[in-house]
Amino acid sequence: MVCAMTGTAYGMVTAVVAVYLNKVRGIDPPTIGVLAMFFAAGIAVFSVPMGKAIQRFAPRMVLSIGLLGYATATAIFPFLATLLGLGAARGFDGAFRSACG
């Protein structure tokens, strides 16, 4: 059940971010795809380290840190002006989400 909910959330957020970047920020679809790759890379690269952190520390602590980091990455996203900044925020977004799902 958690996997289904996490997958649904990832899919919804990816679509909402794509619409925001295209309609509000005027970013073209290929660039939006590159930013989605940063998000996916953050998830993939940090999945194993987050699993190790959960084993070493309390799962609630890792979840709390993950949610705080995710909220921070999401909150600053609209204020970033450069593609590098947006890519970094999407990468951190994915990294912290790997702690939450």
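The shown structure was predicted, so the numbers you read here are calculated from the model rather than taken from an experiment.

Q: Please give an account of the pattern of salt bridges that cites residues and values.
A: Inspection of the entire model under this criterion finds two salt bridges. As a salt-bridge pair, arginine 90 and aspartate 93 come within 3.0 Å of each other at their nearest N and O atoms. Of this pair, arginine 90 and aspartate 93 both sit in helix H4 (residues 83-100), three residues apart, roughly one helical turn. In this pair, the class of arginine 90 matches that of aspartate 93, namely buried. Residue arginine 97 is joined to aspartate 93 by a salt bridge in which the shortest nitrogen-to-oxygen separation is 2.8 Å. Pair noted here: arginine 97 and aspartate 93 are both in helix H4, with a separation of four residues, about one helical turn.

Q: Provide a residue-level description of helix H2 (residues 29-56), including the pertinent values.
A: One full turn of an α-helix is made of 3.6 residues, so residues set three or four places apart face in the same direction. The first and last C-alpha atoms of H2 sit 40 Å apart over 28 residues, in line with the 40 Å expected at 1.5 Å per residue. Serine 47 marks where H2 bends most, by close to 45°; the proline proline 49 follows one to four residues later. Within H2, burial applies to Thr31, Ile32, Leu35, Phe39, Gly42, Ile43, Met50 and Ala53.

Q: Give me the lowdown on the layout of surface pockets, citing residues and values where you can.
A: Here the largest pocket defines a volume of roughly 160 Å³. Taken together, Val13, Val16, Val17, Tyr20, Tyr70, Ala73, Thr74, Phe77, Pro78, Arg90, Asp93 and Arg97 make up the full set of residues lining the largest pocket. Breaking the lining of the largest pocket down by element, the ones donating at least two residues are helix H1 (2-24), helix H3 (59-76) and H4. If you tally residues by element for the lining of the largest pocket, the top one is H1, at four residues. Residue composition of the lining of the largest pocket, by class: eight nonpolar, one polar and three charged.

Q: Account for the environment of threonine 74, naming residues and giving values.
A: Examined against the element boundaries, threonine 74 turns out to sit in helix H3. Residue threonine 74 is classed as partly exposed on the basis of its relative accessible area of 37%. Placed 15 residues apart in sequence, threonine 74 and alanine 89 show a C-alpha to C-alpha distance of 7.6 Å.

Q: Tell me about the nonpolar core, and name the residues and values.
A: The biggest cluster of nonpolar side chains holds eight residues, and these are Val17, Leu21, Ile27, Ile32, Leu35, Phe77, Leu86 and Ala89. Those elements that provide at least two residues to this core are H1, H2 and H4. Not counting the four nearest positions on each side in its chain, leucine 21 is found in contact with Gly26, Ile27, Ile32, Leu35, Phe77 and Leu86.

Q: Describe the environment of alanine 40, naming the residues involved and giving the relevant values.
A: Within the secondary structure layout, alanine 40 lies in helix H2. The exposure class assigned to alanine 40 is partly exposed, which follows from its relative accessible area of 41%. Between the C-alpha atoms of alanine 40 and tyrosine 10, which are 30 residues apart in sequence, the distance is 9.8 Å.

The rules we used
- Residues numbered from 1 in each chain as written.
- Predicted model: local features only at pLDDT ≥ 70, side-chain atom pairs only at ≥ 80, totals over all residues.
- Heavy atoms only, no water.
- Salt bridge = Lys/Arg side-chain N within 4 Å of Asp/Glu carboxyl O.
- Helix = DSSP H or I, 4+ residues; strand = E, 2+ residues; numbered from the N terminus.
- Buried < 20%, exposed > 50% of the residue type's maximum accessible area, 1.4 Å probe, protein only.
- Expected span 1.5 Å × (residues − 1).
- Bend = angle between axes of the 7 residues up to and from the residue.
- 1 Å grid on protein atoms, 1.4 Å probe; cavity = no way out; pocket = protein on both sides within 12 Å on 5 of 7 lines; lining within 4 Å.
- Points joined across faces, edges and corners; volume = space filled by probe spheres on them.
- Nonpolar A, V, L, I, M, F, W, Y, C, P; charged D, E, K, R; others polar.
- Core = buried A, V, L, I, M, F, W, Y, C linked by side-chain atoms within 4.5 Å.
- Contact = heavy atoms within 4.5 Å.

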